[in-house]
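# Summary of structural features
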Amino acid sequence: IQNVPQYRIEKLRLLGGEPLLHPNIESFISIAYEVFPDISRELVTNGILIEHMSDQFWNICKNTGTRIYVSRYPLNLNYEEISKILENKGIENIVGVVPKGFDKHCIDAEKNDILF
């Protein structure tokens, strides 16, 4: 993407459905880092699959500085244990409630434009 720095993009969140279920999540994280190396990147998950992720996944998260945001749902999960797993993997993390109001913008790579 050319000329993206002209826009003030501060944070990129990978979310929607459950991103840890996607077979290409590692590629998405790597591409997000390649395209936006100087902004905050977060992967938002419900945390159910955290303990089942591969070493390759953890290495990509760590090497790209991708934070993990575990959203609290009314599930019977040990969020303290999930946070410990993430800390042990060297991943900066947040366990909390995802804000309901946040901006979503799409970037048209062919036109170098942000779509609202």
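The following paragraphs examine the structure supplied in this document. (Residues numbered from 1 in each chain as written. Predicted model: local features only at pLDDT ≥ 70, side-chain atom pairs only at ≥ 80, totals over all residues. Heavy atoms only, no water.)

### As for the pairing of strand 1 (residues 11-14)
Consecutive side chains along a regular strand alternate between the two faces of the sheet. Short version of the rule: In this scheme, strands are said to pair when DSSP sees at least two bridges between them. Counting from the N terminus, the helices are DSSP H or I runs at least four residues long and the strands are E runs at least two residues long. The handedness of a crossover follows from its direction of travel: if, with the strands pointing away from the viewer, the path from the first strand over the helix to the second runs clockwise, the crossover is right-handed.
When strand 1 meets strand 2 (residues 40-45), the two strands line up parallel, connected through four bridges. Across the sheet, residue Arg13 finds its bridge partner in strand 2, namely Glu42. In this region the chain leaves strand 1, passes through helix 1 (residues 25-35) and returns to the parallel neighbour strand 2; the handedness of that crossover is right-handed.

### Quick look at the nonpolar core
What counts, and what does not: The nonpolar core is taken to be a set of buried Ala, Val, Leu, Ile, Met, Phe, Trp, Tyr and Cys residues, with the residues joined through side-chain atoms within 4.5 Å. Three labels apply to residues, based on accessible area from a 1.4 Å probe with only protein chains included: buried if under 20% of the type maximum, exposed if over 50%, partly exposed otherwise in between. Residue contacts are defined here by distance: any two heavy atoms, one from each residue, within 4.5 Å place the two residues in contact.
Core analysis: the largest hydrophobic core is formed by 18 residues, its most contacted members being Ile29, Leu43, Ile50, Phe57, Trp58, Ile68 and Leu86. The contact partners of Ile68, leaving out residues within four places of it in the chain, are Leu43, Thr45, Ile50, Phe57, Cys61, Leu86, Ile91, Glu92, Asn93 and Ile94.

### Notes on the side chain of Thr45
Using the following cut-off: Nitrogen and oxygen atoms within 3.5 Å of one another constitute a polar contact, given that in protein one can donate a hydrogen and the other can accept it, and given that sequence-neighbouring residues count only through two side-chain atoms.
Position of Thr45 relative to the elements: it lies in strand 2. You can call Thr45 buried: its relative accessible area is 1%. A polar side-chain atom of Thr45 sits 3.0 Å from the main-chain amide nitrogen of Gly47. Filtering out sequence-adjacent residues up to four positions away, Thr45 remains in contact with Glu18, Leu20, Ile50, Ile68, Tyr69, Val70 and Ser71.

### Notes on a nonpolar patch on the surface
Where we set the bar: Each patch is built from salt-bridge-free residues with over 30% relative accessible area, joining like charges within 9 Å and nonpolar side chains (Val, Leu, Ile, Met, Phe, Trp, Tyr) within 5 Å. Every accessible area reported is derived by Shrake-Rupley at a probe size of 1.4 Å, with residue values counting cover from the shown protein chains alone. One speaks of a salt bridge when a side-chain nitrogen belonging to Lys or Arg is within 4 Å of a carboxyl oxygen belonging to Asp or Glu.
A surface patch of nonpolar side chains, about 280 Å² in accessible area, is lined by Ile48, Tyr73 and Leu75. Mapped onto the secondary structure, Tyr73 falls in the loop between strand 3 (67-71) and helix 3 (79-88).

### Here's the deal with the sheet that holds strand 3
Spelled out, the test is: Only the contacting stretch of a helix is used when fitting its axis, a line to C-alpha atoms as for every element, and angles between N-to-C directions run 0 to 180 degrees.
In spatial order, the strands read 1-2-3-4; together these four strands make up an open sheet with parallel pairing. Every other strand in the sheet has two partners, leaving strand 1 and strand 4 (93-96) as the edge strands with one partner each. The sheet shows a mean angle of 25 degrees between the axes of neighbouring strands, direction not considered. In this sheet, strand 3 lies alongside strand 2 in parallel orientation, the contact comprising four bridges. Paired with Glu42 across the strands is Arg67, a residue of strand 3. Along the sheet, helix 1 contacts strand 1 and strand 2; its crossing angle with strand 2, the most-contacted strand, is approximately 160 degrees.

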